[in-house]
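Residue strings, one per chain:
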2 protein chains.
Amino acid sequence: METKQAISIETISRLPKYLAFLREYHKKSNNSLYISSAIIAEHFEITPIVVKKDLAKVSTKEGRPRMGFLLPQLIEDIEDCLGYNNVKDAVLVGVGRLGGALLDYDGFRQYGLNIVAGIDRDQAVLGISPGGRRIVSLDNGAEIIKRLKIHLGIIAVPGKSTQEVCDYLIECGIKGIWNFSPTHLKTPDNIVVKNEDMASSLAVLSIQLKETIHREYMNLGEHSI
Amino acid sequence: METKQAISIETISRLPKYLAFLREYHKKSNNSLYISSAIIAEHFEITPIVVKKDLAKVSTKEGRPRMGFLLPQLIEDIEDCLGYNNVKDAVLVGVGRLGGALLDYDGFRQYGLNIVAGIDRDQAVLGISPGGRRIVSLDNGAEIIKRLKIHLGIIAVPGKSTQEVCDYLIECGIKGIWNFSPTHLKTPDNIVVKNEDMASSLAVLSIQLKETIHREYMNLGEHSI
C-alpha cells in the first residue's frame, strides 16, 4: 500500500500505540470482529474525532455505522502504513553498552526494523554479538551499507565522536539517522534525523518529579495546620 | 541551588545538550574561560535570544558584556539545575533484553541517575546482573522502594503487563515513571510520566525517510529528462 499524502507526525506517533492496543484487544476479546473509534478514544483518553481522523488516513475500508472497523483489517492497514510488513534494514554504529543492547534488542523486529550489522572502530568488539549479529569495522560497514543500499543508520556512540560518525554514515549513502547520543547533529537538508534523547527525557522527568514532590510536601504542611 | 520558578519544558530539554557542548568546548579550548551565548546559539543553529533566556533561568551569575559566561561556573549551574550533582535513585521493572541493558547502562550515572535495583517476576533472572546490579522479586522490590523512599520507576516490560507494573509502582509509592514500553499508561494526576516511545520515533523516522527517498527519486527522474 502506498502511504497516503499529508499524514501528520502526530498521527504517525499515535499509530504504534493504536496498533499495540488493537492487537491486545483482538487477543482478549476473541469474539469481537469489530471495534469502534469510541472504544479506542476512551482507552487513550482522547476525543473520538482524533481517532476517526487518524484512522481515515490509514484504513483502506471505512468503518461501518454502529459496528466500527473490522479489527483484523484495521490492524493490517496500520501495519502496512508503518511499514511493519516491509522490513527496513539498518546499521548501528557504536557497539558499547547501550549500542550493544540496541543491536541485540529483539523488540525492534516487531516494528519492522532489522539491524543488519553493528559497526565499531574498536577492534576488540568486532565479530559476533551475544545476540548473533555481526559487528564490523568502519571500512567493512561502509561496504555493507553501499552494497545492500541501506538507508537507515542508528548512532549509539558516546557524545564526542557523534558528528564524525554522522558524516561517515551520510558519506556512505545513509538518508535517515536515529540518534541515541545527546549531541546535536549538523546534517544536510535532505537527511532525516530523529533524536532519541534520553538525557533530555530524564531532565524533564526529574524536574517535574521534583516539583510534584515539593507540591505534595507543601500540601501536607497545609493540611497539618 | 533551588530550581527557579517557571522553567519551561523546552528549556529543560535543551539543557543537557548545552551541557554536553559546554563540557566538550571547555576541554577542546583549554585556554578559554568564557563563552558567549552567540557561540552556543551558532552551534545549535538557534537564535541567541533563546540561549540567553535559557541560561538566565539557570545561571547564578550574569554573563559579562563582550566576554560572556564564565565557563566552569555555567557548567556547574546547569549540572545543579539538572540535579546531576544530586544523584536520583530509581528502580527498573522488567529485566528482559532492553531492561537488562538499561539496568547496566553506565551512561545514566552521568545524568545523575542511579538504578538501585532491577525488579522482575521471573525467578530465573533474579540475582545479580552482568553489570553487578541486583535483580529482585516484586515483593522484595516493593520493600526496597518503601525503605529507601525511591520516587522514580523505570518500566521496561513488554506491552501487555505495563499497566499492571505501573499500578504496582504507584502502590509502592513511586511518583515518577519513565516508560520504555509502547503502552499508554493510566495514572492519577499526581504521577509524572515520561514516555520513551521508540516505536513512535521509529514510525516517524521511517515515514519521513520514505518520503525523502521518494522525493529524491522523483527529482532524479526530472533531471534526467
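How each quantity is defined
- Residues numbered from 1 in each chain as written.
- Chains lettered and ligands numbered in written order.
- Predicted model: local features only at pLDDT ≥ 70, side-chain atom pairs only at ≥ 80, totals over all residues.
- Heavy atoms only, no water.
- Helix = DSSP H or I, 4+ residues; strand = E, 2+ residues; numbered from the N terminus.
- Rg over C-alpha atoms; globule rule 2.2 N^0.38 Å.
- Buried < 20%, exposed > 50% of the residue type's maximum accessible area, 1.4 Å probe, protein only.
- Contact = heavy atoms within 4.5 Å.
- Least-squares fit on C-alpha atoms with pLDDT ≥ 70 in both.
- Phe/Tyr/Trp six-rings, centres within 6.5 Å; stacked < 30°, edge-to-face > 60°.
- Buried area = accessible area lost by both parts, 1.4 Å probe.
- Salt bridge = Lys/Arg side-chain N within 4 Å of Asp/Glu carboxyl O.
- Polar contact = N/O pair within 3.5 Å; in protein donor to acceptor, adjacent residues only side chain to side chain.

Asker: Explain the overall build of chain A to me, using residue names and the numbers behind them.
Answerer: Along its length, chain A carries 8 helices and 9 strands. Relative to its length of 225 residues, chain A is extended, with a C-alpha radius of gyration of 22 Å against a globular reference of 17 Å. C-alpha atoms of chain A, sized along the principal axes, occupy 60 × 60 × 35 Å. Counting every position in chain A, which comprises 225 residues, the buried fraction comes to 48%. Excluding contacts between residues fewer than 6 apart, the proportion of contacts in chain A whose partners are at least 24 apart in sequence is 55%.

Asker: How would you summarise the relation of the copies chain B and chain A if you had to cite specific residues and measurements?
Answerer: The transform that puts chain B on chain A rotates by 180° and translates by 0.0 Å along the axis, for an RMSD of 0.1 Å. Expressed as a symmetry operation, the mapping of one chain copy onto the other fits a two-fold axis. The position closest to the rotation axis in chain B is occupied by the C-alpha of A101 of chain B, lying 2.7 Å away. Interface residue correspondence from chain B to chain A reaches 100%, placing this contact among same-surface, isologous pairings.

Asker: An account of the packing of aromatic side chains is needed here, citing residue identities and associated values.
Answerer: Residue and element names in this part refer to chain B. Considering all chains together, one arrives at 12 aromatic pairs over all chains under this definition. Ring centres of Y18 and F44 lie 5.6 Å apart, and the angle between their planes is 65°; this geometry places the pair in the edge-to-face category. Of this pair, Y18 sits in helix α1 (residues 9-28) while F44 sits in helix α2 (residues 37-44), placing them 26 residues apart in sequence. Exposure class is identical for Y18 and F44. Each is buried.

Asker: Describe in detail the interface of chain B and chain A, supporting the description with residues and values.
Answerer: Chain B puts 59 residues into the contact, and the matching count from chain A is 59 residues. Approximately 6000 Å² of surface area, both sides summed, lies buried where chain B meets chain A, with 67% of it carried by carbon and sulfur atoms. Contact with chain A buries area across many residues of chain B, yet R97, L202 and L205 of chain B alone supply 10% of it, more than any other trio. At the boundary of chain B and chain A, one finds 2 salt bridges. The salt bridge involving D197 of chain B is made with K17 of chain A; its shortest N-O contact spans 3.3 Å. Linking chain B to chain A there are 12 residue pairs in polar contact (both at pLDDT 80 or more). Where the side of chain B that touches chain A is concerned, the elements lending two or more residues are α1, α2, α4 (71-82), α5 (97-104), β8 (176-179), β9 (192-195) and α8 (198-223) of chain B.

Asker: Please set out the pattern of salt bridges residue by residue, giving values where relevant.
Answerer: Side chains that differ in sign of charge can pair as their charged atoms come close. Residue and element names in this part refer to chain B. Enumeration according to the criterion identifies 10 salt bridges over all chains in this entry. For the salt bridge of D54 with R14, the shortest nitrogen-to-oxygen distance reads 2.6 Å. Here R14 lies in helix α1 and D54 lies in helix α3 (residues 48-58), a separation of 40 residues in the sequence. Of the charged contacts in the structure, one is a salt bridge between R23 and E79, with a shortest N-O distance of 2.9 Å. With R23 in helix α1 and E79 in helix α4, this pair connects stretches of sequence that are 56 residues apart. Residue E79 is classed as buried on the basis of its relative accessible area, which comes to 15%.

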